[in-house]
Amino acid sequence: MVQLQGKGTGGGVAVGSVYLLRKGEGQIPMHRTEDPAGELRQLEAALQTARGQLGRLYESARERAGEESAQVFQIHQMMLEDEDYLEAIRDAVTQEGCNVQWAVSKASQMFSQMFSSMEDAYMRERAADVEDISRRLLRILSGSGDAGIRFDAPVILAAEDLSPSETVQLDQEKILAFLTEKGSDNSHTAILARTMGIPAVVGVSGLLKAVEQGMEAGVDGDSGAVWLSPDSVVLETLGEKAALQKEQKRRLARLRGLPAQTQSGRRMMLYANIGGVEDVQAALSNDAEGVGLFRTEFLYLQSRTYPTEEEQFAVYRKVVQGMDGRRVIFRTLDIGADKQADYFQLEAEENPAMGVRAIRICLERPDLFRTQLRAIYRAGAYGPVGIMFPMITSLWELQEAKAHCEAVRQELIEEGIPVAEKAEIGVMIETPAAALISGTLAAHVDFFSIGTNDLTQYTLALDRQNSKAGRFYDPHHPAVLELIRISAKAAHEGGAWCGICGELAADLSLTEQFLDWGIDELSVSPGGILPLKETIRSLP
Ligand code: PEP
Ligand code: MG
């Protein structure tokens, strides 16, 4: 038995067999092939599939975003025909006798280095394209296609790291737990695991060295302990813990339907954070009074190209109807930083968390923004909705975003399309700048929602993705708490209401403090709602 330790993100315990996900070109093993002709046949088939995928992507991008934006897929198609690139792959297979995946990865490295070193800026940019088409080929060759990773039976998924777009495409039913060697418990992957209610341990050092495909593992998502080939004592302890958790669930279930109020009658709205329609059921069964944060970008991460207005509307309407009269707050597209979708073709940035992300992308690309706003306003015809903007730092950004909202609403009315009678408008307070000008912002919105994950990152100048951050990433830091306090005060003085939707909202050690500051709403992953209700009801 080997015991490892990481950061638990919650979700309870799990026991099962490990599926070790090895990915990325650097990890592709080279092996000698006895059948180079067979490897080359695989290459031809993969090329054909890739051409088909790129053709479809070109068509849908052209329809959606115009010829210019779609051209990238034509360039990719041309690169797939490039004789030098193909010859490099074929030569590696026939002359060096290596497997086709390794040959693709080698050609990718060679050509991307060659393009990167060119003087011409246009040619330098082709390095990213050659990496992109190579990744596409590798996905096809590994059988994962574009649809993400698939398993036949429930597994404990172990990987070096998982991106939010990989996590969101996983089949939830087939995952008992996640284990990653990298990552922090504030990363979006960890947050997604929490929303799905799946035990996860991140930053498990030594994981990849110790774990083997198919071995049995035990996971405690709360303490962060991981056991490989657990002995009978550990299995028994995990069994007892699972029984205790069942008992706790039964106890919490008795609170369903009861108000979230203290003994003296102070009330708190308890809302759910969701990532898609699939989380609505969990929100309702955990007694959510609404959705306080709909992370709409996960819809974009699941797509192969920009989701159309109709596609977004279909999803948003389902969520609004599913919540059956309870308020749904849409957070507008928060793409960038760790949330990357290839088709956005976002430029590589030195510091993407401080780069052109979230509202900045939306204001720079109003066509994208307005498509989403149209879908939200249309969904608002089916139930109460709110709209909030991520990463606001200045009043003008809020004003510009609101102007788009109003223009879109008018446009829909003129087109005779049913729209939300009223959509509440809010800003996320997740930068120190927004907190410090909260008095000004409050006069222009209906509500604030404090995003403590990013607020902590930006206040403490500490990357929330960094698995080494450890005790330096401290959401309880007095500077963070003070920014929350002043934002809540400014909201109320300006006539707005104030919620918290970052992970700190679920921290039971702060619930009383939040009540004292007059926080009106806490929005947490569905599994965090009933524990909060229990704490609130126990307070004087
Ligand atoms: C936050 O930053 O606290 C937040 C709720 O948004 P996200 O975690 O999606 O960045
Ligand atoms: Mg955020």
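If you're wondering where the values come from, they're calculated on a predicted model, not measured in any experiment. (Residues numbered from 1 in each chain as written. Chains lettered and ligands numbered in written order. Predicted model: local features only at pLDDT ≥ 70, side-chain atom pairs only at ≥ 80, totals over all residues. Heavy atoms only, no water.)

In the first shell of the magnesium ion (ligand 2), the protein supplies E430 (OE) and D454 (OD), at 2.0 to 2.2 Å from the metal. Separated by 24 residues along the polypeptide, E430 in the loop between strand 13 (423-429) and helix 16 (432-436) and D454 in helix 18 (residues 452-459) bring together distant segments of the chain. Just as E430 is buried, D454 falls in that class too. (Donors = N, O, S within 2.8 Å, 3.2 Å for Na, K, Ca; no water. Helix = DSSP H or I, 4+ residues; strand = E, 2+ residues; numbered from the N terminus. Buried < 20%, exposed > 50% of the residue type's maximum accessible area, 1.4 Å probe, protein only.)

This part covers the side chain of R331. With respect to the element layout, R331 can be found in strand 11 (residues 327-331). There is a polar contact of 3.2 Å between the side chain of R331 and the side chain of D334. The residues contacting R331, other than those within four sequence positions of it, are L293, F294, R295, T296, E297, K339, Q372, M388, P390 and M428. (Polar contact = N/O pair within 3.5 Å; in protein donor to acceptor, adjacent residues only side chain to side chain. Contact = heavy atoms within 4.5 Å.)

The full count for this structure, using the stated rule, is 31 salt bridges. When the shortest N-O distance is used, the salt bridge between D516 and R266 registers 2.8 Å. With D516 in helix 20 (residues 511-516) and R266 in the loop between helix 9 (232-253) and strand 9 (269-274), the pair connects residues that are 250 residues apart, well separated along the chain. The partner of R370 in a salt bridge is E411, with the nearest N and O atoms 3.6 Å apart. Taken together, the residues R370 in helix 14 (residues 366-379) and E411 in helix 15 (residues 395-414) connect sequence positions 41 residues apart. Exposure remark for R370: the relative accessible area of 27% places this residue in the partly exposed category. Each of E297, R331, D334, K339, R357, D454 and R464 takes part in a single network of salt bridges with overlapping partners. (Salt bridge = Lys/Arg side-chain N within 4 Å of Asp/Glu carboxyl O.)

The next subject is the domain arrangement of the protein chain. Structurally, the protein chain comprises domain 1 (1-237) and domain 2 (252-538). Summarising the inter-unit geometry, the C-alpha centres of domain 1 and domain 2 are found 30 Å apart. On the side of domain 2, 30 residues touch domain 1, which itself brings 27 residues to the contact. Here domain 1 and domain 2 share an interface that buries about 2,500 Å² over both sides, 53% of which is from carbon and sulfur atoms. Scanning the region where domain 1 abuts domain 2 turns up 1 salt bridge. (Domains from an automatic or database assignment. Buried area = accessible area lost by both parts, 1.4 Å probe.)

If you walk through the whole model with that rule in mind, you get 12 aromatic pairs. Aromatic pair Y343 and F344: ring centres 5.1 Å apart, planes at 35°, arrangement tilted. As far as the burial class goes, Y343 and F344 line up, both buried. Ring geometry for F369 versus F389: centroids 6.2 Å apart, planes at 65°, classification edge-to-face. With F369 in helix 14 and F389 in strand 12 (residues 385-389), this residue pair connects regions lying 20 residues apart in the sequence. Considered together, F369 and F389 belong to a single accessibility category, that of buried residues. The rings of Y300, Y306, Y343 and F344 are connected pair by pair, giving a single aromatic cluster. Across the ring face of F313, the terminal group of R378 is positioned such that the distance to the ring centre comes to 4.1 Å. Of note, R471 hangs over the ring of F472, and the distance from its end group to the ring centre comes to 5.6 Å. (Phe/Tyr/Trp six-rings, centres within 6.5 Å; stacked < 30°, edge-to-face > 60°. Lys NZ or Arg CZ within 6 Å of the ring centre and 35° of its normal.)

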